[in-house]
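One letter stands for each residue in the lines below.
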Amino acid sequence: MKDKNTDQIEKFDEFHLENSLYYTRIPDSYKKRQAYKPLDEKVLKAFIPGTIRAMKVKVGDIVEVGDKLMVLDAMKMDNDVKVLYGGIIKSVNVKEGEMVKKNQIIVEFE
């Protein structure tokens, strides 16, 4: 396809989807994106910046799926943080009243 203003041929990327070939522009930001990493079952990270209002666990506690770990106050809302995977608490890296950043490690499991 020619650009009307410069008479240059635009480059398109080939995109294969369900046995069909498409030509499209894929931005550099998409090409340089980080690859998906599966969730690490041994680490719990803050999903949003906020303040720890209450810690419900301590090192050595045995937790099961659905148990409440803490209350995280973010954007004037209290969020109950619950266990996604059962296990034993290896370390608690925050204290009540402490502010956390997004993706900060809060709790580690054995």
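The structure we're discussing is the one just above.
Residues numbered from 1 in each chain as written. Predicted model: local features only at pLDDT ≥ 70, side-chain atom pairs only at ≥ 80, totals over all residues. Heavy atoms only, no water.

A. Expanded view of the pairing of strand β10 (residues 105-109). Pairing geometry for strand β3 (residues 43-45) and β10, over three bridges, is antiparallel. Looking at the pairing, Val43 lines up with Glu108 of β10. Pairing geometry for strand β8 (residues 87-92) and β10, over three bridges, is antiparallel. Of the residues in β10, the one forming a bridge with Ile89 is Phe109. (Pairing = 2+ DSSP bridges. Helix = DSSP H or I, 4+ residues; strand = E, 2+ residues; numbered from the N terminus.)

B. Geometry of the packing of aromatic side chains. Taken as a whole, this structure holds zero aromatic pairs when the rule is applied. Lying across the ring of Tyr30, Arg33 places its NZ or CZ 3.9 Å from the centre. (Phe/Tyr/Trp six-rings, centres within 6.5 Å; stacked < 30°, edge-to-face > 60°. Lys NZ or Arg CZ within 6 Å of the ring centre and 35° of its normal.)

C. Seen up close, the nonpolar core. Of all hydrophobic cores here, the largest spans 17 residues; its most connected members are Leu69 and Met70. Only β4 (50-55), β6 (68-74) and β10 provide two or more residues apiece to this core. Those residues in contact with Leu69 that sit more than four places away from it in its chain are Leu44, Ala54, Met55, Lys56, Val57, Val63, Val81, Lys82, Val83, Ile89 and Phe109. (Core = buried A, V, L, I, M, F, W, Y, C linked by side-chain atoms within 4.5 Å. Buried < 20%, exposed > 50% of the residue type's maximum accessible area, 1.4 Å probe, protein only. Contact = heavy atoms within 4.5 Å.)

D. Expanded view of the layout of surface pockets. In this structure, the largest pocket occupies an estimated 470 Å³ of space. As for the largest pocket, its lining consists of 18 residues, and the residues nearest its centre are Pro38, Leu39, Asp40, Val43 and Lys45. Mapped onto the lining of the largest pocket, the elements with two or more residues apiece are β3 and β7 (77-82). Top element by residues in the lining of the largest pocket is β3. It accounts for three residues. Split by residue class, the lining of the largest pocket holds twelve nonpolar, one polar and five charged. (1 Å grid on protein atoms, 1.4 Å probe; cavity = no way out; pocket = protein on both sides within 12 Å on 5 of 7 lines; lining within 4 Å. Points joined across faces, edges and corners; volume = space filled by probe spheres on them. Nonpolar A, V, L, I, M, F, W, Y, C, P; charged D, E, K, R; others polar.)

E. Representation of the sheet that holds β10 within the structure. Taken together, four strands build an open sheet; the order of strands is β3-β10-β8-β5 and the sheet is antiparallel. If you trace the sheet from one side to the other, it starts and ends with β3 and β5 (62-63), each paired once. The sheet contact formed by β5 and β8 spans two bridges and is antiparallel. Looking at the pairing, Ile62 lines up with Ile88 of β8.

Everything listed is a geometric property; what it means functionally is a separate question.
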